[in-house]
Amino acid sequence: MILWRPYTQMQSSSPPILLDSAKGSFLYTKNGRKIFDGISSWWLITHGHGQEDIVEAIAKQAEKLEQVVFSNFTHEPAEELSELLESFLPKDLSSLFLSDNGSTAVEVAMKMAYQFAIQTGKPKKSKFVAFTHSYHGDTCGVMSVSATSAFNKPYKGMLFEVLRADQGTSMTDPLSQWVHSFKKIMEAQGNEVCAVLLEPLIQGAGGMIQWPIEAIQQIYDIAKSHDCLVIFDEVMTGFGRTGTMFAFEQIKRTPDLLCLSKGITGGFLPLGATIASKEIYTAFLSHDVDKMLFHGHSYTGNALSCAAACANLKLFKKINFIQIISKMANAHRESLKNISNHPLIQKSNVCGSIATINLNHSNKYGNSISREIQKMALQLNLFIRPLGNTIYLMPPYCSTPEEITTAWSKLNTILNSNIELFSELEELN
Ligand SMILES: *Cc1c(COP(=O)(O)O)cnc(C)c1O
């Protein structure tokens, strides 16, 4: 049987590389290559591949209990996970709903927001506002609120209508631009909006676009003044990625609904989490069965995933991750100093463990220059996946400054040795 791979044109892409193992920041192939995991395996790995505490926690849990119907039972890993998450979050974010991945974590938040409006006597508030470069996942609900892009274009007819705040592309006045369009929508239709969704601090798949913090603060305050819930999708930004445990800490605003996944288990097992405010949770309490949240997945509350998440979170308590990630940011900044004035580079940016360069060429997803750069990097044992013209590194937290510097110098070499090739390819783009 053919293994149909995600986000892959199966006809033209090169065959996948057979891996044997992974440890720390490196992937080891069956035939003896050692490849630097420059993107934490799609933004999942936190402390490092094969982290021993997490390996042990999963193994131990597997011997006791793997899975049970979470509507009727609970278990220590789930109880402990809710306590651990609580210790990292503001008091008001007080109820935890588990699912399987980032898309479901966001989709659950949307269903909660929608039903919350109905059950608090505001049925007219049935629409969502989302931003033009957002990405919230791949199932139909979250594809609807994601940016209209190559990712969801073929499925346009399956998606529902969403109010789209245009964040524009102006670099001269990004603050007012990001806020302006949202404000206009809310002034015109605020009474129809149940929630606004956004990826705080940095939009991931949209191209690692960093928001001005003040813009998010203003958007939050405008939403609140229109009785509109705020959903922060921290599926990518959560668990230290931007320098704090959660990105919203830097924004100094607490969302009504917080969506987590990816780094939650350290990258070991699938798990999604939707964390709701007390007010939202309370609106679902009733003698009436029909007022419950009608959502659940077969694997909800999987004990192995919960055990992995607990071990991952305990590591965050044990280590000084803020310092570790700040050292990563410094290594990124030092490296970018040497390359950011390169003629092919338009701009560069660092946000915690994430560093980005934007090249001058076409921003089309899967364009030939980015594909070429990805291929050349892999030949140098560096694994990256550019997004349009955005090349970024987001390595696991165990990466040393030397490893980060080496990765950037490989990219620098690629850019320096291929200026002519890239300009030829750009003409063909
Ligand atoms: C990856 C991602 C998702 C979707 O998560 P999956 O686990 O791939 O379904 C949702 N939101 C954001 C911000 C993401 O980066």
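Data block above holds the structure.
In this text, all values refer to a predicted model and were calculated from it rather than measured experimentally.

> Got a minute to help me understand the overall build of the protein chain in this structure?
Scanning the protein chain for helices and strands turns up 14 helices and 16 strands. Seen along its three principal axes, the alpha-carbon backbone of the protein chain occupies a region of about 70 × 55 × 45 Å. Taken over 429 residues, the protein chain has a buried fraction of 50%. Residue pairs at least 24 apart in sequence account for 71% of intrachain contacts in the protein chain once pairs closer than 6 positions are excluded.

> Please explain the pattern of salt bridges as it appears in this structure.
Any two side chains of opposite charge can pair if their charged atoms end up close together. Following the criterion strictly, the structure yields 12 salt bridges and no others. In this structure, Glu56 engages Lys60 in a salt bridge whose closest nitrogen and oxygen atoms are separated by 3.8 Å. Separated by four residues within a single helix, Glu56 and Lys60 lie in helix H2 (residues 52-64), roughly one turn from each other. Glu56 sits in the partly exposed class, given a relative accessible area of 47%.

> It is not clear to me how the sheet that holds strand S5 (residues 127-131) should be interpreted in this structure. Could you clarify?
By way of backbone hydrogen bonds, the strands of a sheet pair with one another, either parallel or antiparallel. Here we have seven strands laid out as an open sheet, ordered S4-S12-S11-S10-S7-S5-S6, and mixed in their pairing. At either end of the open sheet lies a strand with only one pairing partner, and these are strand S4 (93-99) and strand S6 (163-165). Along the sheet, successive strands turn relative to each other by an average axial angle of 20°, direction set aside. In this structure, S4 lies alongside strand S12 (residues 272-277), joined through six bridges in antiparallel fashion. The partner of Ser95 across the bridge, within S12, is Ala276. Along the sheet, helix H4 (residues 102-119) makes contact with S4, S5, strand S7 (193-198), strand S10 (229-233), strand S11 (257-260) and S12, crossing S12 at roughly 25°.

> What should I look at first to understand the sheet that holds strand S14 (residues 354-359) in this one?
Spatially, S13-S14-S16 is the arrangement adopted by the three strands of the open sheet, whose pairing is antiparallel. Pairing within the sheet leaves two strands with one partner each, and these edge strands are strand S13 (345-351) and strand S16 (390-393). Neighbour-to-neighbour, the strand axes of this sheet turn through a mean angle of 15°, independent of strand direction. For S14 and S16, the ladder comprises four bridges, and the chain directions are antiparallel. Note that in S16 the partner of Asn358 across the bridge is Thr390. Contacting S13, S14 and S16, helix H11 (residues 321-339) runs over the sheet at an angle of about 165° to S13.

Scoring rules and cut-offs
Residues numbered from 1 in each chain as written. Predicted model: local features only at pLDDT ≥ 70, side-chain atom pairs only at ≥ 80, totals over all residues. Heavy atoms only, no water. Helix = DSSP H or I, 4+ residues; strand = E, 2+ residues; numbered from the N terminus. Buried < 20%, exposed > 50% of the residue type's maximum accessible area, 1.4 Å probe, protein only. Contact = heavy atoms within 4.5 Å. Salt bridge = Lys/Arg side-chain N within 4 Å of Asp/Glu carboxyl O. Pairing = 2+ DSSP bridges. Axes fitted to C-alpha atoms, helices over the stretch in contact; angles between N-to-C directions.

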